[in-house]
Structures are given as structure tokens and as C-alpha cells.
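# Commentary on secondary and tertiary structure
So the chains spell out like this:
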Amino acid sequence: YNADQACKAKVCKKFPLRHLNSSKKLVMEFVDGEGTQIQGTFWRDAAEKYDEQMREGAVYILRKFQVKPANKQYSTVMNDYELHFSDKSVVEEFADQSAAETMAAGVHIVPIPKLSHYISRKAPVDVMGVVTGMGDTSTIRRKSDMSEFTKRDLTITDKSCKTVQLTLWGDLAVASEGEVVEGMVVQATACKVGDYNGCSLSTLSRSQVTYNPNSPAAAELSNWWQAEGQSATLMPISEAPSKSPGGGEATNNRNQLHLLEAATRQPVPEEGARPTYHNVLCVSMYINPDQTMYYLANPQTGKKVVEHEGQYQDSDGKIIDTASYRYVMQLKAADLSGPAYISCFNEQAEMVLGTSADHLAELRAKDE
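All values derive from a computational prediction rather than experimental measurement. Counting restarts for each chain, with residues numbered from 1 along the sequence as it is written. Given that the model is predicted, a residue must reach a pLDDT of at least 70 before its local features are reported, and side-chain atom pairs must reach 80 or more before they are shown or counted; all residues, however, enter totals for whole chains, interfaces and linings. Only hydrogens and water are set aside; all other atoms, that is, all heavy atoms of the structure, feed into the side-chain values.

## With respect to the overall build of the chain
Per the secondary structure count, the chain includes six helices and 22 strands. For every residue, the accessible area (1.4 Å probe, protein chains only) is compared with the maximum for its type, and the residue is labelled buried under 20%, exposed over 50%, or partly exposed between those bounds. Here the chain holds 368 residues, and 36% of them are scored as buried. In this description, contact between two residues means that some pair of their heavy atoms is separated by no more than 4.5 Å. The long-range share in the chain, meaning contacts at least 24 apart out of those at least 6 apart in sequence, stands at 60%. For every accessible area listed, the method is Shrake-Rupley and the probe measures 1.4 Å; residues are considered covered only by the protein chains on display. Accessible area for the chain stands at about 22,100 Å²; split by element, carbon and sulfur atoms hold 48% of it. Strands here mean DSSP runs of E at least two residues long; helices mean DSSP runs of H or I at least four residues long; both are numbered from the N terminus.

## Here's the deal with the pairing of strand S4 (residues 37–43)
Most of S4 is tucked away: five of the seven residues are buried. Any two strands between which DSSP finds at least two bridges are classified as paired. Sheet topology places strand S3 (residues 24–31) next to S4; seven bridges connect them, and they run antiparallel. When the bridges of S4 are listed, Val27 appears paired with Thr41. Taking the residues between adjacent antiparallel strands as the criterion, S3 and S4 are bridged by five residues, where Gly35 takes a positive phi near 85°. Taken together, the four bridges between S4 and strand S7 (residues 81–85) define a ladder with parallel strand orientation.

## Structural notes on the pairing of strand S19 (residues 311–314)
Where burial is concerned, the two faces of S19 differ: the one with Tyr312 and Asp314 is buried and the one with Gln311 and Gln313 is not. Two strands pair when backbone bridges link them, and strand S18 (residues 305–308) and S19 are joined in this way by four bridges, in the antiparallel orientation. Of the residues in S19, the one forming a bridge with Glu307 is Tyr312. Between S18 and S19, which pair antiparallel in sequence order, lie two residues; one of them, Glu309, sits at a positive phi of approximately 50°. Two successive antiparallel strands, S19 and strand S20 (residues 319–320), enclose a turn made up of four residues, where Gly317 displays a positive phi of approximately 85°.

## Focus: the sheet that holds S20
Paired through backbone hydrogen bonds, the strands of a sheet run either parallel or antiparallel to each other. Judged by pairing direction, the sheet is antiparallel, and its three strands sit side by side in the order S18-S19-S20 without closing on themselves. Only two strands of the sheet have a single partner each, and these edge strands are S18 and S20.

## Some details on the packing of aromatic side chains
Note on aromatic pairs: the rings of Phe, Tyr and Trp (six-membered ring only in Trp) are paired at centre separations within 6.5 Å, and the planes decide the class, stacked below 30 degrees, edge-to-face beyond 60, tilted for the rest. For the coordinates displayed, the defined rule picks out six aromatic pairs. Taking the centre distance of 4.2 Å and the plane angle of 10° together, the rings of Phe42 and Phe85 count as stacked. In this pair, Phe42 is assigned in strand S4 and Phe85 in strand S7, connecting sequence segments 43 residues apart. Residue Phe85 is classed as buried on the basis of its relative accessible area of 1%. On the numbers, 6.0 Å between centres and 55° between planes, the contact of Trp224 with Trp225 is tilted. Among the aromatic side chains, those forming a connected cluster through ring pairs are Phe30, Phe42, Tyr50, Phe65 and Phe85. Positioned over the ring face of Phe15 is Lys13, at 5.6 Å from the centre of the ring. Geometrically, a charge over a ring is one whose NZ (Lys) or CZ (Arg) sits within 6 Å of the ring centre while staying within 35 degrees of the ring normal.

## Brief notes about unusual backbone geometry
Even without being a glycine, Arg44 presents a positive backbone phi close to 55°. Its place among the elements puts Arg44 in the loop between S4 and helix H1 (45–53). Overall, the relative accessible area of 52% leaves Arg44 in the exposed class. Of note, Asn212 is a non-glycine position whose phi angle comes to about 50°, a positive value. Its place among the elements puts Asn212 in the loop between strand S14 (200–211) and helix H3 (216–227).

## Description of the pattern of salt bridges
Basic side-chain nitrogens of Lys or Arg form a salt bridge, by our definition, when they fall within 4 Å of a carboxyl oxygen of Asp or Glu. Considering all chains together, one arrives at ten salt bridges under this definition. Note that Glu29 and Arg206 form a salt bridge whose closest N and O atoms lie 2.6 Å from each other. In this pair, Glu29 is assigned in strand S3 and Arg206 in strand S14, connecting sequence segments 177 residues apart. Take Glu29: its relative accessible area is 1%, and that puts it in the buried class. Residue Arg206 is classed as partly exposed on the basis of its relative accessible area, which comes to 30%. Across the pair Glu92 and Arg63 runs a salt bridge, and its minimum N-O distance is 2.7 Å. Of this pair, Glu92 sits in strand S8 (residues 90–93) while Arg63 is found in strand S5 (residues 59–63), placing the two residues 29 residues apart along the sequence.

## Details of helix H6 (residues 357–365)
Where H6 is concerned, the buried positions are Ala357, Leu360 and Ala361. Taken end-on, H6 shows its buried residues confined to a sector of 100°, consistent with a single buried face. Contacts from the buried residues of H6 go to strand S17 (294–297), strand S21 (324–335) and helix H5 (346–353). Directions pointing from the helix axis toward each C-beta atom define the arc.

The quantities given are spatial measurements derived from coordinates; they are silent on function.
See the structure below:
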């Protein structure tokens, strides 16, 4: 919807201007006085105009923008919505720039068992855990330009007793030497979730790492570790068994994916490759009634047929006396990872709609 109201926000991150085929795109991250972050996208002439006028760390008044549901596959912040700016949008620099000092992104801790939900997303996450293991600081060399990078791996856990590897890069890795010890609470913000070893964390250039932070959540986690956590059995998140609704361990957990993982994480298979199958638990959100939801088919083979002199003919030239409708449609579904479009064929569509394609075609013919 279009926003008639204005909002005041600070540019906390500004990405380079991108030139698309016939357009321009500029993405920024904003934060307001309450610590809420949201992504803003400027299009076409507005992208070029505000790329020159706006700068990181400055506060602006934003007007005449559109608010749309966020595409969480590409969004760089944790928000269900995003802002879109056009040539009609108005952005003015706020007179009192001291307001920028009070605008900082809030910390939203993601529990370790839920980290795998964010593997396919661009948005970084904030985490907190107790250090249960530490690797040595090391240096790796990038093959493309032989640049050297310093890294250090930490293993952390929370009350779930699941563990995950957190890789510190650059100055954060160096600063951890002599600072971090086992049993210490660590908070890391703006971390990337990757699929190394099933699920892992890496710091980014904007990440901040705090040891023994002064917060109620950190104190509660430390008390849990001292009272029971240090003697509990810990298990890596990638190896943790899930529970079925009946209480037992799920036997097909390895094939269970979240919707956006299934839609985006799997590589495009080579021609002739065998298909892979996964289970996804999601909710049907929307079915476009204007789509072509079914086709006339040979009831025996499922092949498409066309009317031919009072009978029906398929692509092989075979003539049949009767034909039936079969579904081939798309629906929009979602789970906690976000929405995606799913193609449904006859048997699956009948389960979703609760009726046959022949019956639906009859209802449509009667305009019901």
C-alpha cells in the first residue's frame, strides 16, 4: 500500500548503485528511533538521484513511498515488510542530525535450533550462546587474489543444548585472543548463516561481538550454564533428531526442508540427473482463479488431447471417444521461512481443492 505518512530514519547501510538491463536499483537499510530495521529500494531515476544525495549514518524524513511484503529470500534485514521508492517519493535530510546517535538497530536473538531456517536468506541474524569450544587463530589465503584472512572458530550453545560453529573473521578473530574462554557468554550480531557442516555462523564486516554482555538474557544464560548446562549432553544442530507429532524421532528428518530451502537452496540438476525428493510442511495461501487450472486429457495416459470430429486426438495421433479434465495449476504456499509458488498436478490438486477437475470445469461452465 502507499504510505501517506512520513517517517524519520537513519541510513545504517547503503549498497552500491546497480545498473540493470533497462533500469537502476539502489538498496539501503534504515533504522528508526525504536531500533526497528527495514530495507528500502529506490528504482530508476530515484535510485540515481538519491545515490548522490544520501549517505550512511545520516537521518532523513521519508515520504510518499510504498510498503510491500518483504521478499525474505533477498531481504538484508529481519522485517516482514520493505519500502519502495519511485520518482514520486520525497526524501529530505533531517535538520537535527544528533538524532542519529539514538538510532541503533535492536538485537533480536535467534535461538540456535532455529538457525537453519535462515540458511537461504540474505538477512543476517543475532545470536547468543555459551562458548563450549575454541579453535586456534589461523590465516587462510583466497585463491583469486592471494589475499590473507584471519579466522577463528568458536563453538557455542544455548538452553536447547544444541551447538553451532561461529567463525570470527579479521579483527574480530584477532580481538578474541586472550579475551574469550570456555563458559563465557558471547553475543554476535549481524552474522551470516551458512550450510557448512549442515548449519554454521560467520561474522560479517558489520558484525559486533560482545563477551559477557550486560543484559538480562546473558545473565540468565550464564546461570543456566553454571547450574545445569555444563553437565548436559550437547549435540551439534546438524545432528539433532527432530520429534514427530507422536513424540518419537522422525525417520525422514534428513529429507525435511523449509519451503525457501527447497525452492532456492538446491542446485539446478544436470540433464538426465535423477530427481531428489524432500518433505515440506506448509500452508496454502492463495490460488489464482484466473489461471488455466486444467486441460483435456486421455484418461488412460494423461496426455493432452484436442477435439477432433466429435472425438479426441492426442499428440501421437491416437483417437479416443471420451476425455477428462486433469489439473495442472500453481498455488502460493508459505511456512515460517517465507512464501513460494508450488506447481500441483492432478492427484495433488484434487487433495488441495477437494474436488475433481471435471467437477470444477462443470461449475465454471455454469458460472458458479
